Amino acid sequence: MEENAAFAAKFKFPYRLLCDTARSIGTDYGACQGPQDECARRISYVIGPDGTVTHAYPKVDAKTHPAEVLRVL
C-alpha cells in the first residue's frame, strides 16, 4: 500500500488507488487468474451511472486507450 501511495503522490492523483493484493477484484473482473498471478493484465470497463458495465476492453494499450474511452464518454 505504501508503494501505491508513493505512486499516487508522484503523479499527483487526486484519489486513492486500489490495492488488490489478494487479487480478488482482479479475478472477479478477469484481469488475473488468481492470487498466484504476479500482476493483473491491463483491462478496463466503463460503468454507467446505474452501476452496469456499458463497455468492456479486454486488452488495453496504455498509450491509446484514454482517448478511446473519452470518445465513449
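You'll find the structure just up there.
To start, this report covers the structure provided alongside it. (Residues numbered from 1 in each chain as written. Predicted model: local features only at pLDDT ≥ 70, side-chain atom pairs only at ≥ 80, totals over all residues. Heavy atoms only, no water.)

On to the pairing of strand β2 (residues 53-57), then. Examined bridge by bridge, strand β1 (residues 44-47) and β2 share four bridges and lie antiparallel to one another. If you follow Y45 over to β2, its bridge partner there is A56. Between the antiparallel neighbours β1 and β2 lie five residues, among them G51 with a positive phi of about 90°. (Pairing = 2+ DSSP bridges. Helix = DSSP H or I, 4+ residues; strand = E, 2+ residues; numbered from the N terminus.)

The subject of this paragraph is the layout of surface pockets. One number sums up the size of the largest pocket: a volume of about 1200 Å³. Lining the largest pocket are 27 residues, with L17, L18, A40, R41 and R42 sitting closest to its centre. No other element matches helix α1 (residues 2-10), which puts three residues into the lining of the largest pocket. Among the residues forming the lining of the largest pocket, the class breakdown is 16 nonpolar, five polar and six charged. (1 Å grid on protein atoms, 1.4 Å probe; cavity = no way out; pocket = protein on both sides within 12 Å on 5 of 7 lines; lining within 4 Å. Points joined across faces, edges and corners; volume = space filled by probe spheres on them. Nonpolar A, V, L, I, M, F, W, Y, C, P; charged D, E, K, R; others polar.)

In this structure the tally under the stated criterion is five aromatic pairs. Taken together, a centroid distance of 5.8 Å and an interplanar angle of 50° make the contact between F7 and F13 tilted. Using a relative accessible area of 42% as the deciding quantity, one classes F7 as partly exposed. When its relative accessible area of 30% is taken as the criterion, F13 is described as partly exposed. Following the ring pairs from residue to residue traces out a cluster consisting of F7, F11, F13 and Y15. (Phe/Tyr/Trp six-rings, centres within 6.5 Å; stacked < 30°, edge-to-face > 60°. Buried < 20%, exposed > 50% of the residue type's maximum accessible area, 1.4 Å probe, protein only.)

Taken together, L18, I25, Y29, Y45, I47 and V53 make up a surface patch of nonpolar side chains, about 540 Å² in accessible area. Residue position: L18 is located in the loop between α1 and α2 (24-28). The class of L18 is exposed, set by a relative accessible area of 58%. (Patch = residues over 30% accessible without salt bridge, like charges linked within 9 Å, V, L, I, M, F, W, Y side chains within 5 Å. Areas by Shrake-Rupley, 256 points an atom, 1.4 Å probe, with all protein chains shown as cover. Salt bridge = Lys/Arg side-chain N within 4 Å of Asp/Glu carboxyl O.)

For K12, which is not glycine, the phi torsion reads 55° and is therefore positive. For K12, the position within the fold is in the loop between α1 and α2. Assessed through its relative accessible area of 70%, K12 is described here as exposed. Residue R23 is not a glycine yet carries a positive backbone phi of 60°. Position of R23 relative to the elements: it lies in the loop between α1 and α2. Of the residues examined, R23 reaches a relative accessible area of 18% and is grouped as buried.

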